Amino acid sequence: MKFISIWTGTAQLKCSPTLKFKLLLIICALIVTTSIYAAENQQTALNPLVIELSKIKKLDLRFKKLSSAVYSSHKNQKEAKKILNSKRSNMSIEKLHQKVIQQINRNHHFAAILLIKTNLKFIKNNLDDQRVFDFIKILLKHNEANTAKSLYKQIQSDGEQFYITNAALKFAEYHSQRKEWQQTLKLLNTDLSELSGENTALALILKGEALQRLKKHREAIKIYARVKQESHYYGLAQLNIATAYIRQDWWTDAHIIINKQLKSNLTDQTTELANRLSLILGYSLLSKEYFREARESFRNISLDSQYINKALMGIGLSAFGQGDNIGALNVLSILKDKKSEELVVEECYMLLPHIYKKLEQYMTANAGYSDAINYYQSRINQLKKSIHSINNLNIKKLTSIKNTSLLIANTRLDFANRYPQYFFANINELDTLTKNNSSSKLKSQLSKLNKDYNQLFSQITKRLLNKRIKELQSYLSQSQYGVAQLYDKSDNSSE
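Residues numbered from 1 in each chain as written. Predicted model: local features only at pLDDT ≥ 70, side-chain atom pairs only at ≥ 80, totals over all residues. Heavy atoms only, no water.

## Looking at the overall build of the chain
Scanning the chain from N- to C-terminus turns up 24 helices and 2 strands. Taken across its 495 residues, the chain has 53% of its residues classed as buried. Counting only carbon and sulfur atoms, one obtains 48% of the accessible surface of the chain, whose full area is about 24600 Å². (Helix = DSSP H or I, 4+ residues; strand = E, 2+ residues; numbered from the N terminus. Buried < 20%, exposed > 50% of the residue type's maximum accessible area, 1.4 Å probe, protein only. Areas by Shrake-Rupley, 256 points an atom, 1.4 Å probe, with all protein chains shown as cover.)

## Digging into the packing of helix H5 (residues 93-105) against helix H8 (residues 131-141)
Where H5 contacts H8, the axes come no closer than 10 Å and their chain directions differ by 35°. Between H5 and H8 lies a crossing whose hand is left-handed. Here Ile 93, Glu 94, Leu 96, His 97, Val 100, Ile 101 and Ile 104 of H5 come into contact with H8, specifically with Arg 131, Asp 134, Phe 135 and Ile 138. When its residues are assigned to classes, the contact of H5 with H8 shows 7 nonpolar, 1 polar and 3 charged. (Axes fitted to C-alpha atoms, helices over the stretch in contact; angles between N-to-C directions. Left-handed = near helix turned anticlockwise from the far one by under 90°. Contact = heavy atoms within 4.5 Å. Nonpolar A, V, L, I, M, F, W, Y, C, P; charged D, E, K, R; others polar.)

## Points about helix H21 (residues 348-358)
Among the 11 residues of H21, 10 are classified as buried, and the element is accordingly described as predominantly covered. Along H21, the positions that sit buried rather than exposed are Cys 348, Tyr 349, Met 350, Leu 351, Leu 352, Pro 353, His 354, Ile 355, Tyr 356 and Lys 357. One or two positions beyond H21, positive phi appears at Glu 360, with a value near 65°.

## So, the packing of aromatic side chains
On inspection of all chains with the given rule, the structure shows 14 aromatic pairs. Positioned above the aromatic ring of Tyr 422 is the side chain of Arg 178, whose terminal nitrogen or guanidinium carbon lies 3.7 Å from the ring centre. (Phe/Tyr/Trp six-rings, centres within 6.5 Å; stacked < 30°, edge-to-face > 60°. Lys NZ or Arg CZ within 6 Å of the ring centre and 35° of its normal.)

## A look at the nonpolar core
By size, the foremost hydrophobic cluster in this structure holds 145 residues, and its most contacted members are Leu 151, Met 313, Leu 332, Tyr 376, Phe 415 and Phe 423. Counting residues per element, this core draws most heavily on helix H24 (residues 440-494), which supplies 15 residues. Residue contacts for Leu 151: discarding those within four places in its chain leaves Leu 120, Ile 123, Lys 124, Leu 127, Val 132, Phe 135, Ile 136 and Leu 139. (Core = buried A, V, L, I, M, F, W, Y, C linked by side-chain atoms within 4.5 Å.)

## Focus: the side chain of Thr 243
With respect to the helices, strands and loops of the structure, Thr 243 is situated in helix H14 (residues 234-247). Residue classification places Thr 243 among the buried residues on the basis of a relative accessible area of 3%. Reaching out from Thr 243, the side chain makes a polar contact with the backbone oxygen of Leu 239 at a distance of 2.9 Å. (Polar contact = N/O pair within 3.5 Å; in protein donor to acceptor, adjacent residues only side chain to side chain.)

## Here we look at the confidence of the model for the chain
Residues with a pLDDT of 70 or more make up 82% of the chain, whose mean pLDDT is 84. Between the elements of the chain, mean pLDDT differs from a low of 25, seen in helix H1 (residues 4-10), to a high of 97, seen in helix H11 (residues 181-188). Within the model, pLDDT remains below 50 along residues 1-43, and this stretch shows 97 contacts once partners closer than five positions in the same chain are excluded. (pLDDT = per-residue confidence, 0-100.)

## A closer look at H11
Residues Trp 181, Thr 184, Leu 185, Leu 187 and Leu 188 constitute the buried set of H11. For H11, the buried positions fall inside an angular range of 165° around the axis, keeping them on one side. What points out from H11, more than 90 degrees from its buried face, is the exposed set Gln 182 and Lys 186. In this structure, the buried residues of H11 make contact with helix H9 (145-158), helix H10 (161-177) and helix H12 (197-213). (Arc of directions from axis to C-beta.)

## Quick word on the packing of helix H17 (residues 291-299) against helix H18 (residues 308-322)
H18 packs onto H17 with a crossing angle of 160° between their chain directions and a minimal axis gap of 9 Å. Relative to H18, the element H17 is oriented roughly antiparallel. Two packed elements cross with a definite hand, and for H17 against H18 that hand is left-handed. Facing H17, whose interface residues are Phe 291, Arg 292, Ala 294, Arg 295, Phe 298 and Arg 299, H18 presents Ala 311, Gly 314, Ile 315, Ser 318, Ala 319, Gly 321 and Gln 322. (Parallel < 35°, antiparallel > 145°, perpendicular 65-115°, else oblique.)

## Structural notes on the pattern of salt bridges
Counted under the stated rule, the structure contains 18 salt bridges. The salt bridge involving Glu 209 is made with Arg 213; its shortest N-O contact spans 3.2 Å. Linking Glu 209 with Arg 213, this pair stays in helix H12, spanning 4 residues, or about one helical turn. For the pair shown, Glu 209 and Arg 213 are each scored as buried. Measuring nitrogen to oxygen at the nearest pair gives 3.4 Å for the salt bridge that ties Lys 435 to Asp 431. Taken together, the residues span about one helical turn, with Lys 435 and Asp 431 both in helix H23 (residues 422-436) at a distance of 4 residues. Given a relative accessible area of 64%, Lys 435 falls into the exposed group. Salt bridges linked by common partners bring Glu 346, Arg 379, Lys 467, Arg 468 and Glu 471 together as one network. (Salt bridge = Lys/Arg side-chain N within 4 Å of Asp/Glu carboxyl O.)

As structure tokens, then:
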């Protein structure tokens, strides 16, 4: 493994092979989590993640079918006519668009989609209007995909290339957000010259990311390179190029690109992009034993950044690599005192006593290991108790869920890197459909689908909690090993 020299060479880490390997995994894991995608390890059909993703897709198909049925119900169509309040002879795309946007601005997206759905035939007869793109965008945002596809099919059949290409971009965004990379590429396999400058850049970003997710890094680099410097997407394109270089072990090229971007005039809107660049650069430098440079890179990350805890861990590991045990001790103590539910914070309980041992403060090290053992055991018991109490979680009642991240049992479970966001979006939409449904026939189907969503969510939550338990058990074992080493040293000294 390429990172072994970090700990067995310069730092001369004298600890168990298990702890050495764990420290290496920390670096690897943190580098991965800052790249444009997370490793999903979907290599076998028996992989639990693969099975869960398959179930999510099946639920999504059921959702789309039910969604169309609810919007098509006779009573809802009558309601749409009331909302429009206009005779068919006076209808225009402009008036329909105004009514739709009016409903969206009032947070009544069900009524907005109802208007589009009810007047679909009229819209299809007026496809030479750019307002049709707004209709498609609204439909896809709320996963009324069957109606959107019906519109797109008509555009492909009767529309000019300008409308076909721009509609394809809307669908490419939709499939990209759903991690459906082959469909994204297929939609963007067209003449992009019909798009505006920024839409062209967006299309290139989507195409490049799809290629990169499919591990076609060299092809992705060529696509990203086409994003013009004046584009809003240029910084992201350069970040993704750097990530692609790292994936191919072209570290020098990646460092050049990142440093160039960090020296450019990054605006306030791209501060978090600069933080992300600094984090990737820091861990890249750390893996190549450039400890001082890595430390400086981590220090450039804003204190209010979402990456600050990973940056503090990076500073601690860099200081340790430099032999600055006091510096490592100070920064990891700060990280530990945050008492965050992040795994990177919980790792500090295991790392700190090891540093005290390096400083030959054996009593403090022993106390630290004891503290770590108690902490990990307590957390493991807490999580096991939570797993037993989980029984078909009602997702809508979980107010702590935000951006596909759930806080449960003082543990933040990140769904975003493994599961498509539409899994949660569908649940919210399902609630809207249920509230607005007027068909007794569809009521039971909506209820059954809602129950199935909650069952799968509970299953996923339990598996992620079990995964965290295994990680904490590993830290517990390493802390117990650390105590055993200290006792061995004490026994040998007494002899």
